[in-house]
Amino acid sequence: MKKYHLLSIFLVFFSFCLAQKTNPDTQLKRHLKKDTTRCFLLNQIIEEENDYSVWIEYNNELKDLALQKSSVEKDSIRYKTYLKYLSIAYNNEGAYNVYKEQFEKSILIYKKSFHVASKINYNYGKALALQNIATAFDYLGKIDSNLVYMQRAYYYAKLSKDLSNQAYVLTDLGFIHNNLGNTTLAINYNMKALKLFDKINDAEGLERTYFSLARIFENLKEYQKSISYYQKCLEIDTQQNNIERKILILCSLTAIFIKTDQIDQALTLNNQAFRLANKYKNTDFIATSYKNYGFIFHKKKELEKAKAYFLKAYAIFKKIKSEANQSKISVHLGTIYFDQNNNKKALEYALLGYSLAEKTNFKSDIKLAAELISQIYFKTKEYKQAYLFHKAAAEIAEKIYFDESKDIALKATHRYETEKKENQIKLLSQEKKIAELKSERQTTLVFVLITLFISIGAVSYFLFNRYKIKKQNELLKIELEEAQKTIEAEKKAAESELKALKSQMNPHFIFNALNSIQEQFMFGDKITANEQMSNFTYLTRQILEVSGKKKIPIATEIEILTKYLELEKMRFDNDFEYFIDIAPAVDDDYIQIPPMLIQPFVENSIKHGLLHKEGYKEVRLLFELDASEKHLICTIQDNGIGRTKSNEIKVKNQLKHNSFSTQSIDQRLEIWNKNTSNAIIYEDLLTNTNEVIGTKVVLTIEIY
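Residues numbered from 1 in each chain as written. Predicted model: local features only at pLDDT ≥ 70, side-chain atom pairs only at ≥ 80, totals over all residues. Heavy atoms only, no water.

This paragraph deals with the overall build of the protein chain. For the protein chain, the count of helices and strands is 28 helices and 7 strands. Buried positions account for 44% of the 704 residues belonging to the protein chain. Entry remark: accessible area of the protein chain is about 39,600 Å², with carbon and sulfur atoms responsible for 54%. (Helix = DSSP H or I, 4+ residues; strand = E, 2+ residues; numbered from the N terminus. Buried < 20%, exposed > 50% of the residue type's maximum accessible area, 1.4 Å probe, protein only. Areas by Shrake-Rupley, 256 points an atom, 1.4 Å probe, with all protein chains shown as cover.)

Our next topic: the nonpolar core. Note that soluble globular proteins tend to have their nonpolar side chains buried in a common cluster. One finds Ile598, Val602, Ile606, Phe623 and Ile636 to be the most contacted residues of the largest nonpolar core, which totals 154 residues. Looking at this core element by element, the count peaks at 10 residues for helix H13 (residues 243–259). The contact partners of Val602, leaving out residues within four places of it in the chain, are Leu561, Tyr564, Leu565, Leu621 and Ile636. Grouped together as the second largest cluster of nonpolar side chains are 20 residues, Leu42, Ala66, Tyr85 and Ile88 included. (Core = buried A, V, L, I, M, F, W, Y, C linked by side-chain atoms within 4.5 Å. Contact = heavy atoms within 4.5 Å.)

Our next topic: the side chain of Glu702. Note on placement: Glu702 falls in strand E7 (residues 692–702). If sequence neighbours within four positions are ignored, Glu702 has contacts with Lys630, His631, Trp672, Asn673, Lys674, Asn675 and Thr676.

Moving on: the pattern of salt bridges. Overall, the coordinates contain 20 salt bridges when judged by the stated rule. The salt bridge partner of Lys328 is Asp365, with a shortest N-O separation of 2.9 Å. Placement of Lys328 in helix H17 (residues 323–339) and of Asp365 in helix H19 (residues 363–379) is noted, with a sequence separation of 37 residues between them. Given a relative accessible area of 28%, Lys328 falls into the partly exposed group. Since its relative accessible area comes to 5%, Asp365 is described here as buried. (Salt bridge = Lys/Arg side-chain N within 4 Å of Asp/Glu carboxyl O.)

Here the focus is helix H14 (residues 263–279). In this model H14 runs 24 Å from its N-terminal to its C-terminal C-alpha over 17 residues, within 8% of the 24 Å that 1.5 Å per residue would give. Listed as buried for H14 are Ile263, Ala266, Leu269, Asn270, Ala273, Phe274, Leu276 and Ala277. Take H14 and look down its axis: the buried residues cluster within an arc of 165°, on one side only. Exposed side chains of H14 directed beyond 90 degrees from the buried face belong to Asp264, Arg275 and Lys279. (Expected span 1.5 Å × (residues − 1). Arc of directions from axis to C-beta.)

This part covers the pairing of strand E6 (residues 680–686). Relative to E7, E6 runs antiparallel, the two sharing 7 bridges. Paired with Ile681 across the strands is Val698, a residue of E7. Counting the residues in the hairpin turn of E6 and E7 gives 5 residues, including Asn690, whose phi is positive at 65°. (Pairing = 2+ DSSP bridges.)

Assignment of secondary structure puts Asp237 in helix H12 (residues 223–240). For Asp237, the contacting residues outside a window of four places in its chain are Glu207, Asn242, Arg245, Lys246 and Ile249.

In a beta sheet, neighbouring strands are held together by backbone hydrogen bonds and run either parallel or antiparallel to one another. Spatial strand order, E2-E4-E5-E7-E6: 5 strands in an open sheet with mixed pairing. Of all strands in the sheet, those with a lone pairing partner are strand E2 (576–582) and E6, marking the two edges. On average, each strand axis in the sheet is inclined to that of its neighbour by 15°, with strand direction left out of account. Relative to E2, helix H25 (residues 554–569) is tilted by about 170°, and along the sheet it contacts E2, strand E4 (617–625) and strand E5 (631–638). (Axes fitted to C-alpha atoms, helices over the stretch in contact; angles between N-to-C directions.)

For any pair of aromatic rings, geometry is given as the distance between the ring centres together with the angle between the planes. Inspection of the entire model under this criterion finds 24 aromatic pairs. Ring plane angle 75° and centroid distance 5.1 Å describe the contact between Tyr155 and Tyr156, whose orientation is recorded as edge-to-face. You can call Tyr156 buried: its relative accessible area is 12%. An angle of 5° between the planes, with centres 5.7 Å apart, marks the rings of Phe297 and Tyr309 as stacked. Taken as a pair, Phe297 in helix H15 (residues 283–299) and Tyr309 in helix H16 (residues 303–319) lie far apart in primary sequence, 12 residues in all. Residue class for Tyr309 comes out partly exposed when judged on its relative accessible area of 23%. (Phe/Tyr/Trp six-rings, centres within 6.5 Å; stacked < 30°, edge-to-face > 60°.)

A few words on unusual backbone geometry. Non-glycine residue Lys281 carries a positive phi angle of around 55°. For Lys281, the position within the fold is in the loop between H14 and H15.

Right, let's get into helix H8 (residues 143–160). Between its first and last C-alpha atoms H8 spans 25 Å; for 18 residues at 1.5 Å apiece the expected length is 26 Å, and the two agree. For H8, every residue scored as buried is listed here: Ile143, Asn146, Leu147, Tyr149, Met150, Ala153, Tyr154, Tyr156 and Ala157. Positive phi shows up at Lys161, right after H8, with a value of about 60°.

With that settled, the discussion passes to the packing of helix H11 (residues 203–219) against H13. Closest axis-to-axis distance for the H11/H13 pair is 12 Å, and the angle between their directions is 15°. Here H11 lies roughly parallel to H13, going by the angle between them. Read as a crossing pair, H11 and H13 show a hand that is left-handed. Packed against H11, whose contacting residues are Glu207, Arg208, Phe211, Arg215 and Glu218, the element H13 presents Arg245, Leu248, Ile249, Ser252, Ala255, Ile256 and Lys259 at the interface. Tallied by class, residues from the contact of H11 with H13 come to 5 nonpolar, 1 polar and 6 charged. (Parallel < 35°, antiparallel > 145°, perpendicular 65-115°, else oblique. Left-handed = near helix turned anticlockwise from the far one by under 90°. Nonpolar A, V, L, I, M, F, W, Y, C, P; charged D, E, K, R; others polar.)

This part covers the packing of H15 against H16. One can describe the packing of H15 onto H16 by two numbers: an axis separation of 8 Å at closest approach and a directional angle of 160°. The orientation of H15 with respect to H16, classified from their angle, is roughly antiparallel. Considering only the axes of H15 and H16, their crossing is left-handed. Contact with H15, carried on its side by Thr283, Asp284, Ile286, Ala287, Thr288, Tyr290, Lys291, Tyr293, Gly294, Phe295, Phe297 and His298, involves Leu303, Lys305, Ala306, Tyr309, Phe310, Lys312, Ala313, Ile316 and Phe317 of H16 and no other residues of that element. Counted by class, the contact of H15 with H16 contains 13 nonpolar, 4 polar and 4 charged residues.

Structure representation (structure tokens):
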């Protein structure tokens, strides 16, 4: 920490408070301004302080202040400012939990940061929160989740137009694709990041990108190139006194020296890393150092020592749930037991490593585990199993290891360095020409040019002012029109939601549910009756609770639908079933939709499609994402009599269909879906002979 920075911040803060106390009237008038300044100063202190046990206390104060003020000043122009600081505070709190290696807890807190940033359309905050979620998943060894959240982070980083934000996400994407074995994408992302970091002169960002490039060349076995990039990282980390990154680089260099059989250098560097990790109590790097000691002593043929260090590392990685590192260590323990002719133990650890590698989806780890398993089976004369695992390893090798990757990496870095040198030469050449022209100019020409430039500047200034005033007026007019449209849209939304609320509790449904429960009591089935009465009470309470909300998680909507369908099931003689399926890509706790949006369509399926059908009846609901992952697709499908027969029954019984509920849903979806048309599609399900066998309704709902 730079102490003089902290001192200056405290002096400003103290003088500010003192100035407010001198005049009570001024203190009251400037109360709001004082709180925003306090948020700013707390944030500055947090950024300057390196000790997380110290800055978390300031962060708790920042979070409490932002929460309190944002809840009080919802109509104030400072509302966005407080929410911005609240988003920052949640991000800091998430980082604190990462330092404490409570990764799952950190993910939940980062999601809070994203939610707050979304309220004020703070794209930089949204990108940062998603990037941090992705990084936490990386610590947990969940590479697929890591990639999904990092791709979303890049989307918002581009919207924020913040070059630093974009560059950090790009280098992280490069790191992920390198772990997945996609060298081409890894290089492309890192080269883009390198150009941006160069442009904004960000040393920390350059260090991150150098690290990613070093990893790429390490995977391609271009070790000298990799070492040169790691050394660049080490120089930057030493200058900035970034201890955590310094330990990481020392561990990475140790790994390369182990691979190249430079065991003495590897042992020296690992000793440095281990001392620093112990000094700063960094559990993750202590485990990494133990792992490297295992590799070193394995190379030195001291197998018992290697085994002891590997087991120490495995215990720590298991405790912090790092499945990727558990996988690597399991394979090496299997190798040691294989070398000791303990085939049973070797196969046990090799299979464990293979299982964990498949879980984390690290292709290179799957390949190493498969190769070891194949060798063990071959040694124990189980040739069929040996062949299967050898084939699996070979197939993975074809996908992730090929000479073209090396060429791409070398050409990309060479091209970047060449372009950089050429640009420097061009710049120097231009500066030389300008200097020569200046020396050749005559005094008269200089005065003429100066006069001309002054005249042009004056005219330009006048024209620019006129243009600026005109544009300001145009913008003001547009803002007024947009404000009017927003007011009308909000009014329309409120009316639509009010209509939806009125139609949510269908009197016929209440009557039928209570009748069915009464029948259970009459027939003596008190257990079922009490259970369904509990369901009815819960459903009623849930509907009233969510009715006042603009959106709820899909999980809550599904819970209400389940209770509703359980009650409807009582109306049928054990010949009605329902199925609710959620696609793996759908995060039902994260994605939110308007409340009670699906229930009217389910009710229509039962009332008009199944009630008049004989035999087995069913309703199926499916929640999935479209290809762009920007829309939730909900499909409601029944095996009822179809829309045509249903209308005929209504005409025959002289019934008037009340489309009030579905009309309300149409209006709500129209307001919710800003960029989507045809949000509701009805379709009759037909056999090959055009016989109706049911109805399908597909809803398209935008995800915010």
